[in-house]
Amino acid sequence: MKKIDIRNLGIEDLTKFIEKNGDKAFRAKQIHEWFWNKGARSFDALKNIPKSLIEKLIENFSFPVLEIHEIQKSTDGTAKFTFISEDKKLTEGVLIPSLKRVTACISTQVGCPLGCKFCATGQLGFDRNLSAGEIFDQITLMQSYALETYENPISNIVIMGMGEPLLNLDACTDAIQKLISPIYKGMSPKRITLSTVGLCDGIYTLADMQLGIELAISLHSAIQSERERLIPAAKLNPLSEITDALKYYHQKTDQRVTIEYVLLKDVNDQAIHSRTLAEFCKSIPVKINIIEFNPTEGIPYSKSDDKVRAEFAAFLESKNLIVNVRKSRGKDIAAACGQLAGKITKSDEI
Ligand code: SAH
Ligand code: SF4
């Protein structure tokens with residue numbers, strides 16, 4: 001029988017197991033501190049836990065962790081990490097240093113089942129969800145690199161790597177809770193942004209959880225028929241329902257949602273698109289991130305011209321919307337948004 005991943009056990013279940021095996025309840029708290037505060041990555045690392053209890057844990061549970069398989073460095077300082085899991089699956093994370101921040105972009109799935117037409121991950125298909133521990137490991141592993149290389153810790157986390165986080169909501173929110181809990185990592189939830197393609201059910205659940213994290217939604221078109229062509233999941237999550245879900249998120253959290261919009265040349269960058277986008281944004285407090293399209297072989301789109309992008313942004317600003325034009329980072333190592341496809345360059349066998 002397959003052993004349960006010990007990091008999938010909540011504190012109550014771990015306490016029950018420990019008591020049943022004749023040890024003290026407070027050991028569960030200590031073990032969780034090892035996992036989620038000190039970043040322990042093996043049973044051996046649980047230093048102040050009695051040997052007899054560790055043996056029981058080993059007998060009953062597994063402790064799968066992600067390892068670093070490869071790090072690729074961009075000329076602009078961005079570093080792309082390829083992680084490998086115990087069952088030899090590849091997933092990716094990216095560290096993006098800037099003047100005041102070190103942002104970590106992390107993955108929630110191996111591949112993605114949603115198949116957006118412009119996204120390299122979407123073209124891979126789906127393999128499996130990452131566990132809460134595997135999502136958390138990406139931060140632990142990239143943190144050491146950030147401290148060594150940039151001499152600064154990770155200041156912000158964006159859940160914008162491989163996969164759709166709202167399709168792996170339990171593991172994803174479990175990892176977030178460990179990152180923001182004052183008894184574990186104690187990170188400010190405002191420094192964590194979760195990006196979704198716009199799955200309404202998940203947005204409602206997230207709103208009710210009141211984690212205090214930032215929400216970003218990948219809109220890419222405010223015209224339903226055109227959005228469906230780019231994002232197959234848009235059929236089941238029409239714009240009218242997304243509007244309601246975002247209003248609910250705002251009501252519950254009092255936060256301004258970020259609208260992400262990748263500009264695709266001659267596809268969603270014309271006057272009708274900026275007009276419909278401005279219209280869509282009228283009823284919800286938002287800020288808009290205009291994202292440069294990052295090309296990947298086999299994906300039949302190209303980025304909009306600089307002039308078109310400037311006009312698009314200027315129009316939105318003229319409608320009193322908050323607009324950010326985001327420059328791509330790490331393009332030379334395929335670490336930019338939408339380029340994460342689990343391709344490895346290292347020659348050794350997995
Ligand atoms: N599944 C989630 C999060 C991962 S994708 C989502 O779709 O939001 C993270 C961001 O990268 C999304 O905004 C997505 O639309 C964007 N993206 C995907 N492919 C891209 C590409 N080729 N160029 C630029 N951004 C891209
Ligand atoms: Fe999945 Fe997001 Fe890529 Fe769409 S854009 S395929 S939802 S990772």
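Reading the values: the criteria
- Residues numbered from 1 in each chain as written.
- Chains lettered and ligands numbered in written order.
- Predicted model: local features only at pLDDT ≥ 70, side-chain atom pairs only at ≥ 80, totals over all residues.
- Heavy atoms only, no water.
- Buried < 20%, exposed > 50% of the residue type's maximum accessible area, 1.4 Å probe, protein only.
- Salt bridge = Lys/Arg side-chain N within 4 Å of Asp/Glu carboxyl O.
- Helix = DSSP H or I, 4+ residues; strand = E, 2+ residues; numbered from the N terminus.
- Near = heavy atom within 4 Å.
- Nonpolar A, V, L, I, M, F, W, Y, C, P; charged D, E, K, R; others polar.
- Polar contact = N/O pair within 3.5 Å; in protein donor to acceptor, adjacent residues only side chain to side chain.
- Areas by Shrake-Rupley, 256 points an atom, 1.4 Å probe, with all protein chains shown as cover.
- Contact = heavy atoms within 4.5 Å.
- Arc of directions from axis to C-beta.
- Domains from an automatic or database assignment.
- Buried area = accessible area lost by both parts, 1.4 Å probe.
- Core = buried A, V, L, I, M, F, W, Y, C linked by side-chain atoms within 4.5 Å.

*Asks:* Teacher, can you tell me more about unusual backbone geometry here?
*Replies:* Glycine aside, a negative phi is what most residues show, and trans is what most peptide bonds show. Of note, Lys 88 is a non-glycine position whose phi angle comes to about 65 degrees, a positive value. Note on Lys 88: relative accessible area 52%, which makes it exposed. With a phi close to 60 degrees, Asp 254 is a non-glycine residue in the positive phi region.

*Asks:* What is the right way to read the pattern of salt bridges from this model?
*Replies:* Two side chains of opposite charge can pair, provided their charged atoms sit close to one another. One pass over the full model with this rule turns up 18 salt bridges. The partner of Asp 137 in a salt bridge is Arg 41, and the shortest N-O contact between them spans 3.8 Å. Here the residue Asp 137 occupies a position in helix 5 (residues 132-149), and Arg 41 occupies one in the loop between helix 2 (26-36) and helix 3 (51-60), the gap between them amounting to 96 residues. Asp 137 sits in the buried class, given a relative accessible area of 1%. Among the residues examined, Arg 41 registers a relative accessible area of 22% and is labelled partly exposed. A salt bridge links Lys 178 to Asp 174; its shortest N-O distance comes to 2.6 Å. Of the two residues, Lys 178 and Asp 174 both sit in helix 6 (residues 169-180), four residues apart, roughly one turn of that helix. Connected through salt bridges with shared partners, the residues Arg 7, Arg 41, Glu 67 and Asp 137 form a single ionic network.

*Asks:* I would appreciate a short explanation of the site of ligand 2 in the present structure.
*Replies:* Every residue lining ligand 2 is accounted for by Cys 112, Leu 114, Gly 115, Cys 116, Cys 119, Gly 122, Gly 163 and Val 197. Here the residues of the shell around ligand 2 are counted per class, giving five nonpolar, three polar and no charged.

*Asks:* For this particular structure, what's the right way to read the site of ligand 1?
*Replies:* In the vicinity of ligand 1 lie 18 residues, with Phe 118, Ser 195, Ser 218, His 220 and Asn 294 positioned nearest. Within the backbone of Phe 118, a nitrogen or oxygen atom sits 2.9 Å from a nitrogen atom of ligand 1. One of the side-chain N or O atoms of Glu 164 is found 3.1 Å from a nitrogen atom in ligand 1. Out of a free accessible area of 530 Å², ligand 1 has 96% covered by protein chains. Elements that contribute at least two residues to the shell around ligand 1 include exactly strand 10 (192-196) and strand 12 (257-263).

*Asks:* Got a minute to help me understand the side chain of Thr 108 in this structure?
*Replies:* When you line up the elements, Thr 108 lands in the loop between strand 6 (102-105) and strand 7 (109-111). Since its relative accessible area comes to 0%, Thr 108 is described here as buried. Residue contacts for Thr 108: discarding those within four places in its chain leaves Asn 129, Leu 130, Ile 135, Ile 159, Met 162, Gly 163, Glu 164, Pro 165, Asn 168 and Cys 172.

*Asks:* How should I be thinking about the environment of Gly 298 in this particular structure?
*Replies:* The topology assignment puts Gly 298 in the loop between strand 13 (286-292) and helix 11 (306-318). Its relative accessible area of 77% is what places Gly 298 among the exposed residues. Distance from Gly 298 to Gln 123, taken between C-alpha atoms, is 9.3 Å for residues 175 residues apart in sequence.

*Asks:* Looking at this model, I keep getting lost on helix 7 (residues 200-209). Mind explaining?
*Replies:* For an α-helix, 3.6 residues make a turn, and residues three or four places apart therefore share a direction. Along helix 7, the residues that are buried comprise Cys 200, Gly 202, Ile 203, Leu 206 and Ala 207. Mapping the buried residues of helix 7 onto a view down its axis gives an arc of 155 degrees, with all of them on the same face. Considering only its buried residues, helix 7 is in contact with helix 6, strand 10, strand 11 (214-218) and helix 9 (239-253). Of the residues flanking the end of helix 7, it is Gln 210, one or two places downstream, whose phi is positive at about 50 degrees.

*Asks:* So what exactly am I meant to see when it comes to the domain arrangement of the protein here?
*Replies:* Quite often, the size of an interface is put as the accessible area lost when its parts meet. Structurally, the protein comprises domain 1 (4-62) and domain 2 (67-348). Inter-centroid distance (C-alpha atoms) of domain 1 to domain 2 is 33 Å. Contacts between the two partners involve 11 residues from domain 1 and, on the opposite side, 13 residues from domain 2. Where domain 1 abuts domain 2, roughly 1,100 Å² becomes buried across the two surfaces, and 51% of that area is made up of carbon and sulfur atoms. Contact with domain 2 buries area across many residues of domain 1, yet Arg 7, Trp 36 and Arg 41 alone supply 62% of it, more than any other trio. Counting across the interface, domain 1 meets domain 2 through three salt bridges. Across the contact surface, domain 1 and domain 2 share three residue pairs in polar contact (both at pLDDT 80 or more). The greatest single-element share of the side of domain 1 that touches domain 2, amounting to four residues, is contributed by helix 2. Looking at the side of domain 1 that touches domain 2, its residues break down into three nonpolar, four polar and four charged.

*Asks:* Help me out: how do you make sense of the nonpolar core in this one?
*Replies:* Note on soluble globular proteins: their nonpolar side chains tend to be buried together. Grouped together as the largest cluster of nonpolar side chains are 103 residues, with contacts concentrated most on Leu 46, Leu 57, Leu 95, Leu 246, Ile 259 and Phe 280. Here this core gets eight residues from one element, more than from any other, and that element is helix 5. Beyond its immediate sequence surroundings of up to four residues, Leu 246 is in contact with Ile 203, Leu 215, Ile 217, Val 257, Ile 259, Phe 280 and Ile 284. Listed in part, the five residues of the second largest apolar core include Cys 105, Val 158, Met 160 and Ala 216.

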